[in-house]
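# Remarks on the overall topology
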Amino acid sequence: GKPHTVDVEPEMPLLWVLRDELGITGPKYGCGIAQCGACTVHIDGVAVKSCVMPVGAVQGAVTTIEGLSADGSHPLQKAWVEVDVPQCGYCQAGQIMSAAALLAQKPSPTDADIDQAMNGNLCRCATYVRIRQAIHKAAAMTATATAAPQAQGQE
């Protein structure tokens, strides 16, 4: 939610700009070759692996896990806690950011939709079943929150 100007080479990966230049540490370095997803951020709502994205190629607003919600109130963050997804936690920011991009595109994803969207995110603790449960839970929370105001307007 804040504009930033940095004086770096345009080839510098976005991940290093975020972490080293701006002090935003939610996105993690995992592999450096866009295979693990720990560095996932959004650029205008699209999930992107920031470890291979040159900062000079960034066109649009970058959102990290820190920008998803300031107080942890995003449905995915709540669901992650309720389902007790994290173990070591290293991949979680990337997992949540990929899931948020999925839910923005498909508010009621199937298991196949989730598997496809989350395919580029590795979890060394293998919490994949709980990740899927949390995504479904967040989708249900969002649907309930969206339906409640509409139901009140019908009274």
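Check the entry above for the structure.
Residues numbered from 1 in each chain as written. Predicted model: local features only at pLDDT ≥ 70, side-chain atom pairs only at ≥ 80, totals over all residues. Heavy atoms only, no water.

Below, the discussion takes up the pairing of strand β2 (residues 46-49). Bridge analysis of strand β1 (residues 40-43) against β2 gives four bridges, and the strand direction is antiparallel. Following the sheet pairing, V41 is matched in β2 by V48. Between β1 and β2, which follow one another and run antiparallel, lie two residues, and D44 among them has a positive phi close to 50 degrees. (Pairing = 2+ DSSP bridges. Helix = DSSP H or I, 4+ residues; strand = E, 2+ residues; numbered from the N terminus.)

Moving on, we get to the side chain of S98. Tracing the sequence through the fold places S98 in helix α4 (residues 92-105). Accessibility expressed as a relative area gives 5% for S98, which makes it buried. When sequence neighbours within four positions are dropped, the list of residues in contact with S98 reads T40, A47, A117, M118 and N121. (Buried < 20%, exposed > 50% of the residue type's maximum accessible area, 1.4 Å probe, protein only. Contact = heavy atoms within 4.5 Å.)

Our next topic: the packing of α4 against helix α5 (residues 111-118). Working note: a packed helix pair is described by the angle between its axes plus the distance between those axes. Relative orientation of the contacting elements α4 and α5 amounts to 130 degrees, with a least axis distance of 9 Å. When the axis of α4 is compared with that of α5, the two are oblique. Relative to α5, the crossing made by α4 is right-handed. Of α5, the residues touching α4 (which contributes Q95, S98, A99 and L102) are D113, I114, A117 and M118. (Axes fitted to C-alpha atoms, helices over the stretch in contact; angles between N-to-C directions. Parallel < 35°, antiparallel > 145°, perpendicular 65-115°, else oblique. Left-handed = near helix turned anticlockwise from the far one by under 90°.)

Let us now look at the pairing of β1. Residues T40 and H42 line one face of β1 and the alternating positions V41 and I43 line the opposite face, and both faces are buried. Relative to strand β3 (residues 62-63), β1 runs antiparallel, the two sharing two bridges. The residue of β3 that forms the bridge with I43 is V62.

Within helix α1 (residues 14-21), the full set of buried residues consists of L14, L15, V17 and L18. Summarising the contacts, the buried residues of α1 are in contact with β1 and β3. Two residues or fewer after α1 comes G23, characterised by a positive phi angle close to 75 degrees.

This paragraph deals with α4. In this model, α4 (14 residues) spans 20 Å end to end at C-alpha, consistent with the 20 Å of a helix rising 1.5 Å per residue. Burial analysis of α4 places 12 of its 14 residues in the buried class, which makes it a mostly covered element. Every buried residue of α4 is listed here: Q92, A93, G94, Q95, I96, M97, S98, A99, A100, A101, L102 and L103. (Expected span 1.5 Å × (residues − 1).)

Mapped onto the elements of the fold, W80 is located in helix α3 (residues 75-83). Other than its neighbours up to four places away in sequence, W80 contacts V85, P86, Q92, Q95, I96, A99, I131, A134 and I135. Here the side chain of W80 touches Q92 through a polar contact of 2.3 Å, side chain to side chain. (Polar contact = N/O pair within 3.5 Å; in protein donor to acceptor, adjacent residues only side chain to side chain.)

Right, let's talk about the pattern of salt bridges for a bit. Under the criterion given, the structure shown has four salt bridges. Close ionic contact of D113 with K106 constitutes a salt bridge, the shortest N to O distance being 3.1 Å. We classify D113 as buried; its relative accessible area is 17%. R132 serves as the salt-bridge partner of D111, at 3.8 Å between the closest nitrogen and oxygen. You can see D111 sitting in helix α5 and its partner R132 sitting in helix α6 (residues 128-154), a full 21 residues away along the chain. Relative accessible area serves as the criterion here: at 37%, D111 is assigned to the partly exposed category. Because the salt bridges share partners, they merge into one network encompassing D111, D115 and R132. (Salt bridge = Lys/Arg side-chain N within 4 Å of Asp/Glu carboxyl O.)

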